[in-house]
Amino acid sequence: MLRRSPRASRGGAASAAASPEPPIQSLIEESNDDESENEDEQVAESNYFEGVSYPSYQDMVNAKRKRNQQVLIDSGLAAAADEFKASRRRVTLSSQKRRKPAVTPLPRRSSNRIKGIQSDGMYVEHESSGRFVVGSTSGEGGAATSNTNGVTYVTPKPSFYGNRINDGSDITVRDANANANGDEEEALLAERFIKSLSSRGMSIRASSNLSHSVATSSNLSDIQVESVAKVTRDRIYSIATHPSTDQLVVAAGDKQGNVGIWKVDSDNDDDNSCFEFKYHSGAVNFLQFINTKILLSCSYDGTVRLFDFEKQCASQVFATFDDSDEFKGRLGYDLDTGYNYWTQNACLDHRVNDGLAFFASTSTGMVFHVDLRANKLTFHKELSVKKINTVSLHPNGYSLLTAGLDCQVTLWDVRKFASKKRPAPVTSFHSGKSVNSAYFSPSGKYAVSTTMSDKLDIFTDLHLSGPETIKPSTRIPHDNRTGRWLSTFMATWHPSLDIFCVGSMRRPREIQVFDPSGNVRNIVGDDLTAVASRCCFHPRADKLTIAGGNSSGRVTIVR
């Protein structure tokens, strides 16, 4: 019997398994042929249009287009479209025929400087409310003549140091009014007006001993807005009241250097009760009546003047200068450091009578003291690296308070300023943001600061503080963000009572009066229509009177 080997048996099985391959391959090929035939039939069916078979898709599309075109022709739409296109073409041709003739271009403007032509010397000196003041450097301008277009031509003026009004000589009342208005007739009336202020028997009432609680409870109960008048032409930076009790007179200094004086209690037959005087070229930042006949003013132009009603003139008693040889020997020599320097604020030295001594702060953080009796500069110290907005002297005569852009209310001892070294502050308080003002009360017990942190900070016995950190005894929330177009708020004390007044951003507009405890009296009225940025009290204590100046040059009287 013949036996098969296992290898042979395996090979036979493999050959048996491989034998079905030809039938499977043939089936696959047959299925592929069927699919191609089906695809050809589908393509042939898709190329049928209106019972006609087309060999390709593009032929069928062309047949559809011919059919659609024939439909448009049969319906008349094709002829209408051709006629519409022809009409539009005719309109376009007719509009082209009506074109305007070409305009010959004017000769191109070119600068006289490029042409080599010398300037005529005319320039705009000032513009306000659409009215222009045109100056001339060539001397050809007319003498203050104006035309119908609101343009005023002025004769050229000699230039002085820092664009000041003059070389420091006295300015008469007539000239000061003419500088502000340019009207000779009004200058004569202003001269009579100042004479009337100096001729009356005006006296200063002695300071009352009323406490602030009595004043706020009784004197403020009947106070109300009484009158308003346009005193200056521009934004008010400073305001002061005449110390007389016979009549109410208010002085206000504006941004352009004008000082307006308003006789509120004028006679019935006196229609001219308010006049402007210009004897500064910069903003008047400080005003104070030394007595009934002299008004002291300080300006950004670096000058301090005394307006004497009896002498009928404004005399320059101090001015800052640079280190030029021509100014050597003058009182303010080498104080002006040039760019971004100006006198920011002033404070009378009450230790000296008749206003013959004062403190002043500058935009560069300097504070100096001027003694006009000896005609000397007592000290000139750098107390801050930034602008100092206000200085205030305590009634004790040696505690000096400063505040400014360094965000601090700082107490100094002026007795230590005699040393050549930079003085160290006694104490200070950081308010977080810049401080607009800080003043001692008339009794010296309190001090109030107005800050851009929207606070009115009241300090108690600040002059007795040591080197330790101080904090305000009372913090009054108050919106002090006046913006760029309004003068900043500066809370100001009454000359003899421990109460202070300040403007407000609240509506309706109001003037607020506070005592050291934070109690407030809001004063509103129909005539108080704008924010009173700068306010002050009249010295009288038996009948409280407040004058508030706004940024349009108007003064509101509250009493």
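Preceding this section is the structure that the text describes.
The structure presented is a predicted model; accordingly, all values stated were derived computationally and were not measured. (Residues numbered from 1 in each chain as written. Predicted model: local features only at pLDDT ≥ 70, side-chain atom pairs only at ≥ 80, totals over all residues. Heavy atoms only, no water.)

When you look at the environment of Gly260 in this model, what are you seeing that I'm missing?
Structurally, Gly260 is set in strand β11 (residues 258-263). Those residues in contact with Gly260 that lie beyond four places of it in its chain are Val231, Thr232, Val250, Ala251, Ala252, Phe275 and Glu276. (Helix = DSSP H or I, 4+ residues; strand = E, 2+ residues; numbered from the N terminus. Contact = heavy atoms within 4.5 Å.)

I tried to follow the environment of Glu191 on my own but got confused; where do I start?
Here Glu191 is to be found in helix α7 (residues 184-199). As a C-alpha pair, Glu191 and Ala176 span 15 residues in sequence and 9.9 Å in three-dimensional space. Not counting the four nearest positions on each side in its chain, Glu191 is found in contact with Val173, Arg174 and Gln312.

Looking at this model, I keep getting lost on the nonpolar core. Mind explaining?
Soluble globular proteins tend to pack their nonpolar side chains together in the buried interior. Judged by nonpolar contacts, the single largest core of 22 residues is most densely connected at Ile194, Ile261, Phe277, Tyr279, Leu295 and Phe307. If you list the elements that add at least two residues to this core, you get α6 (173-181), α7, β10 (249-254), β11, β12 (274-278) and β13 (284-289). It is α7 that contributes the most residues to this core, four residues altogether. With residues up to four places along the chain from it excluded, the contact list for Ile194 reads Val173, Ile261, Phe277, Phe307, Phe309 and Gln312. (Core = buried A, V, L, I, M, F, W, Y, C linked by side-chain atoms within 4.5 Å. Buried < 20%, exposed > 50% of the residue type's maximum accessible area, 1.4 Å probe, protein only.)

How should I be thinking about the packing of aromatic side chains in this particular structure?
Under the counting rule described, the total for this entry stands at 18 aromatic pairs. Ring geometry for Phe318 against Phe358: centres 6.0 Å apart, planes inclined by 75°, an arrangement best described as edge-to-face. Here Phe318 is found in strand β16 (residues 313-319), whereas its partner Phe358 is found in strand β18 (residues 357-362), with 40 residues between them in sequence. Side by side, Phe318 and Phe358 carry an identical accessibility label, which is buried. Taken together, Phe277, Tyr279, Phe289, Phe307 and Phe309 form an aromatic cluster joined through their ring pairs. Lys445 extends its terminal NZ or CZ atom over the ring of Tyr446, reaching a point 5.9 Å from the ring centre. The ring of Trp485 has Arg484 lying over it, and the distance from NZ or CZ to the ring centre is 4.5 Å. (Phe/Tyr/Trp six-rings, centres within 6.5 Å; stacked < 30°, edge-to-face > 60°. Lys NZ or Arg CZ within 6 Å of the ring centre and 35° of its normal.)

Teacher, can you tell me more about the pattern of salt bridges here?
When charged atoms on two side chains of opposite charge get close, those side chains can pair. Applying the stated rule across the entire model yields 16 salt bridges. The residue Lys293 makes a salt bridge to Glu310 at a minimum N-O spacing of 2.4 Å. Pair noted here: Lys293 is in the loop between β13 and β14 (294-299) and Glu310 is in the loop between β15 (303-308) and β16, with a separation of 17 residues, a long-range link. A relative accessible area of 29% places Lys293 in the partly exposed class. Among the salt bridges present, the one from Asp457 reaches Arg475, with a minimum N-O distance of 2.7 Å. Of this pair, Asp457 sits in strand β27 (residues 455-460) while Arg475 is found in strand β28 (residues 474-477), placing the two residues 18 residues apart along the sequence. Classification of Asp457 as buried rests on a relative accessible area of 0%. (Salt bridge = Lys/Arg side-chain N within 4 Å of Asp/Glu carboxyl O.)

Please clarify how the sheet that holds β11 should be interpreted in this entry.
Sheet strands pair by backbone hydrogen bonding; their relative direction is either parallel or antiparallel. Reading across the sheet, the four strands line up as β9-β10-β11-β12 and stay open at both edges, with antiparallel pairing between neighbours. Taken across any chain shown, the strands that pair with only one partner, and hence form the sheet edges, are β9 (236-241) and β12. Strand after strand, the sheet turns through a mean of 20° between neighbouring axes, direction not considered. Alignment of β10 against β11, held across five bridges, turns out to be antiparallel. Residue Val250 lies in a different strand from β11, and its bridge partner there is Trp262. (Pairing = 2+ DSSP bridges. Axes fitted to C-alpha atoms, helices over the stretch in contact; angles between N-to-C directions.)

Explanation requested: the environment of Gly135 in the structure shown.
Looking at the secondary structure, you find Gly135 in strand β4 (residues 131-136). The exposure class of Gly135 is buried, given its relative accessible area of 1%. Sequence-wise, Gly135 and Met122 are 13 residues apart; in three dimensions their C-alpha atoms are separated by 5.7 Å.

That is the geometry; function is a separate question.
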